[in-house]
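Tertiary structure, described
Residues per chain are reported as follows:
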Amino acid sequence: MNKLNVDVAVIGAGTAGLSAYRAARAQGARTVLIENGPYGTTCARVGCMPSKLLIAASEAAHMLHAAAAFGVHAGTIRVDGRAVMERVQRERDRFVGFVLDGMDDIPAADKLRGRARFTGPQALQVDEHTLIEAARVVIATGSSPVRLPELVGGGPGVITSDDLFDLTELPESVAVIGTGVIGLELGQALSRLGVRVTLFARGGSMAQLTDPAVLHTATRLFARELALGLQTRMVRAAQEDGQVALTWADALGKESTERFRYVLVAAGRTPNVANLGLEHTGLALGANGVPLFDSRTMQCGSSHIFIAGDASDERPVLPEAADQGKIAGENAGRYPDVRPGLRRTPLTIAFTEPNIAVLGEGYRALCACGMPKFAVGAASFENQGRSRVMLQNRGLLRVYGEYGSGRFLGAEMIAPRAEHLAHTLAWACQAGMCVQQMLAMPFYHPVVEEGVRTALRDLAANLVRGESGVDAADSEPGT
Ligand SMILES: Cc1cc2nc3c(=O)[nH]c(=O)nc-3n(C[C@H](O)[C@H](O)[C@H](O)COP(=O)(O)OP(=O)(O)OC[C@H]3O[C@@H](n4cnc5c(N)ncnc54)[C@H](O)[C@@H]3O)c2cc1C
Ligand SMILES: NC(=O)c1ccc[n+]([C@@H]2O[C@H](COP(=O)([O-])OP(=O)(O)OC[C@H]3O[C@@H](n4cnc5c(N)ncnc54)[C@H](O)[C@@H]3O)[C@@H](O)[C@H]2O)c1
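Please read these numbers as outputs of a predicted model, since none were measured by experiment.

1. Here we look at the overall build of the protein
The secondary structure content of the protein amounts to 13 helices and 24 strands. Compactness check: the protein gives a C-alpha radius of gyration of 24 Å against a globular reference of 23 Å for 479 residues, within 12% of the reference. By its C-alpha atoms, the protein is 70 × 65 × 45 Å across when sized along the principal axes. The buried share among the 479 residues of the protein stands at 46%.

2. Considering the site of ligand 2
Inspection of the region around ligand 2 gives 24 residues, with Gly-178, Gly-180, Ile-182, Ala-267 and Pro-316 positioned closest. Take the shell around ligand 2: its biggest share by element is 4 residues, from helix α6 (residues 181–192). Residues of the shell around ligand 2, tallied by class, amount to 13 nonpolar, 8 polar and 3 charged. Two domains each donate at least three residues to the shell around ligand 2, and these are domain 2 (149–267) and domain 3 (347–465).

3. Details of the site of ligand 1
Within the structure, ligand 1 sits among 34 residues, and Gly-12, Gly-14, Gly-37, Gly-142 and Gly-309 are positioned closest to it. Residue assignment for the shell around ligand 1 shows that the elements contributing at least two residues are α1 (15–26), β2 (31–35), α2 (42–46), α3 (48–67) and α8 (318–334). For the shell around ligand 1, the residue count by class is 16 nonpolar, 15 polar and 3 charged.

4. Thoughts on the nonpolar core
One finds Val-176, Ile-177, Val-263, Leu-264, Leu-397, Met-413 and Ala-422 to be the most contacted residues of the largest nonpolar core, which totals 94 residues. It is helix α11 (residues 418–430) that contributes the most residues to this core, 7 residues altogether. Two domains each donate at least three residues to this core, and these are domain 2 (149–267) and domain 3 (347–465). Each residue touching Met-413, except ones within four places of it in the same chain, is listed here: Val-214, Ala-357, Gly-395, Leu-396, Leu-397, Arg-398, Ala-418, Leu-421 and Ala-422. Counting 44 residues, the second largest nonpolar core, distinct from the first, contains Leu-18, Ala-134, Leu-276 and Val-290.

5. A few points about the UniProt feature "active site" (unreviewed entry) in the protein
According to UniProt, the "active site" (unreviewed entry) feature falls on His-445. By secondary structure assignment, the location of His-445 is in the loop between α12 (435–439) and α13 (449–465). On the neighbour-count criterion, His-445 (8 C-beta atoms within 10 Å) is exposed.

6. Looking at the environment of His-420
Assignment of secondary structure puts His-420 in helix α11. Taking the C-beta count within 10 Å as the criterion, His-420 has 16 such neighbours and is therefore assigned partly exposed. Measuring from C-alpha to C-alpha, the distance between His-420 and Asn-393 comes to 16 Å, with 27 residues separating the pair along the chain.

7. Details of α8
Taking 1.5 Å per residue as the helical rise, α8 with its 17 residues ought to reach 24 Å, and the 24 Å between its terminal C-alpha atoms agrees with that figure. Counting buried residues along α8, 13 of its 17 residues qualify, which places the element largely inside the surrounding structure.

8. Here we look at the packing of α3 against helix α4 (residues 81–104)
α4 packs onto α3 with a crossing angle of 145° between their chain directions and a minimal axis gap of 9 Å. The two elements α3 and α4 meet at a crossing, and its hand is right-handed. Between α3 and α4, the residues in contact are Met-49, Pro-50, Leu-53, Leu-54 and Ala-57 and Val-84, Arg-87, Val-88, Glu-91, Arg-92 and Phe-95, respectively. In terms of residue class, the contact of α3 with α4 is built from 8 nonpolar, no polar and 3 charged.

9. As for the sheet that holds strand β22 (residues 374–380)
The 5 strands are arranged β20-β21-β24-β23-β22 in an open sheet whose pairing can be described as antiparallel. Both edges of this open sheet fall to β20 (347–350) and β22, since each of them pairs with a single strand only. Direction aside, neighbouring strands of the sheet carry axes that sit 10° apart on average. Relative to strand β24 (residues 408–415), strand β21 (residues 355–360) is paired through 6 bridges, and the arrangement is antiparallel.

10. A short note on the domain arrangement of the protein
On domain assignment, one finds that the protein holds domain 1 (2–37 + 114–143 + 270–334), domain 2 (149–267) and domain 3 (347–465). Placing the centre of domain 2 and that of domain 3 at their C-alpha centroids yields a distance of 30 Å. With 15 residues of domain 2 in contact, the opposing surface of domain 3 contributes 19 residues. Tallied by class, the residues present in the side of domain 2 that touches domain 3 amount to 9 nonpolar, 4 polar and 2 charged.

11. Considerations on the sheet that holds strand β9 (residues 173–177)
Taken together, 5 strands build an open sheet; the order of strands is β8-β15-β9-β10-β11 and the sheet is parallel. Two strands bound the open sheet, and with one partner strand each, they are β8 (158–159) and β11 (227–229). Across 4 bridges, the pairing between β9 and strand β15 (residues 262–265) is parallel. Bridging across to β15, Ile-177 finds its partner in Val-265. On top of the sheet, α6 reaches β9, β10 (196–200) and β15; it is set at about 160° to β10, its chief contact.

The rules behind these values
Residues numbered from 1 in each chain as written. Chains lettered and ligands numbered in written order. Predicted model: local features only at pLDDT ≥ 70, side-chain atom pairs only at ≥ 80, totals over all residues. Helix = DSSP H or I, 4+ residues; strand = E, 2+ residues; numbered from the N terminus. Rg over C-alpha atoms; globule rule 2.2 N^0.38 Å. Buried ≥ 20, exposed ≤ 12 C-beta atoms within 10 Å, placed from the backbone. Near = placed C-beta within 6 Å. Nonpolar A, V, L, I, M, F, W, Y, C, P; charged D, E, K, R; others polar. Domains from an automatic or database assignment. Core = buried A, V, L, I, M, F, W, Y, C linked by C-beta atoms within 7 Å. Contact = placed C-beta atoms within 7 Å. UniProt positions renumbered as here; feature names shortened; annotations may be inferred. Expected span 1.5 Å × (residues − 1). Axes fitted to C-alpha atoms, helices over the stretch in contact; angles between N-to-C directions. Left-handed = near helix turned anticlockwise from the far one by under 90°. Pairing = 2+ DSSP bridges.

Here it is, written out as structure tokens:
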């Protein structure tokens, strides 16, 4: 066995690990970066980038169909599935290439290939070839798609987002399990590219939404476009003539079977902490098996171990992986001088059409006891001027503000261009603005942001009206 002594060992060379490695190095720490899978990061290889490439192709197809309503006719619309997947893979490989170039810039002595696991609080073993004594460790091992044991009979026809982008052409049909962010983004994209898609979910959730009114609008909008099997339970899958026969049960227990070319399981992701030997660290673990940590410092307990990215199971999106990695790496580098790092206003965006976004405190979080008493403002996009001009007049925005102070707390929405609306609102939230200050900001005309102003005006009026107002969506937040 080789032996290595380092100040900091970073486990995982994804977005969080790379960020941690750079930050620890910048503190002058002798740092090693350990990776057991392919270099290139989840985001670039099988996550953000290939999924957005597939969505971009689907938007092109959708625009051709939508054009007729403007009196613009494209003729026969043909989707060349092979060409779609070729572009997805070509552009994905380009993005992965940038990450690989970055890996080449890291000195060879700082990189180690193999699976790392703890054999003691400061001892790591990498495969069967290296023992590392590490004064500090950053766990940045990412997450993996959940696999459903009841579908194992479907064999290679049961896939996850790790497999989808390697298909060489678009399949004829796909059953998507899960109406979370991945299920909705990929399910809608495939459907708009002409694939027969059915989306199944055990509950009624839609992406990250927790506001019942927005959730209701989202369900209504997606049900117009997609075959939705909500409140269903997967029973089994079987391979039949190159297809998967999928059997599910509805809410009453009635079973149905349908054949699909693929079953895409998008039922969540679990943090990669199971086989890390955490039992040798002495760290206290949460119910999800993740060490308990301080989200300002990313420090696990008061130990020399830090955690970042999807492995932390806190906010499993790319910007958070980068931020958490920087905080964890900096603190590991200068330990025991551990300092709080920059945590931003939470922001998540699902790149469906319309986009879904949640920022600041979501509705469910605000309903928890101990949270500020809040009022709600709402704006529908059904008659919003610019949205109607563009034939994208669908959706609902709900904004939340604190009684008394008028402080803007957060928002949930399914709305045209919500990708951009959510950024503006998240910036206002992080800046600690109150609703009246936001209304004093410029709004051009005609723009989708005028819908935001409508919601803020409604919120301002409800804040003045006082605490007696009962929220129209006064029911259990989304399941
Ligand atoms: C389909 C999809 C679409 C997404 N779209 C978006 C999006 O649009 N926007 C967004 O913000 N986020 C998106 N995400 C989420 C985003 O990709 C992740 O939050 C982010 O990539 C997590 O980075 P990470 O560094 O924590 O993990 P990773 O990049 O997965 O890095 C972890 C690394 O650790 C390695 N590893 C694990 N265990 C060990 C071990 N024991 N020893 C050595 N190495 C190990 C793994 O091989 C891996 O390379 C998407 C995710 C998916 C799956
Ligand atoms: N645009 C983005 O930022 C983006 C895009 C894709 C993924 N991501 C990240 O990836 C993470 C994982 O995404 P995801 O969509 O897989 O997870 P998710 O947690 O968002 O959704 C999981 C879905 O699967 C369903 N489900 C869970 N177990 C099930 C079961 N046994 N049977 C049937 N349905 C089941 C849930 O009800 C839910 O609908 C997200 O939390 C997000 O952080 C982000």
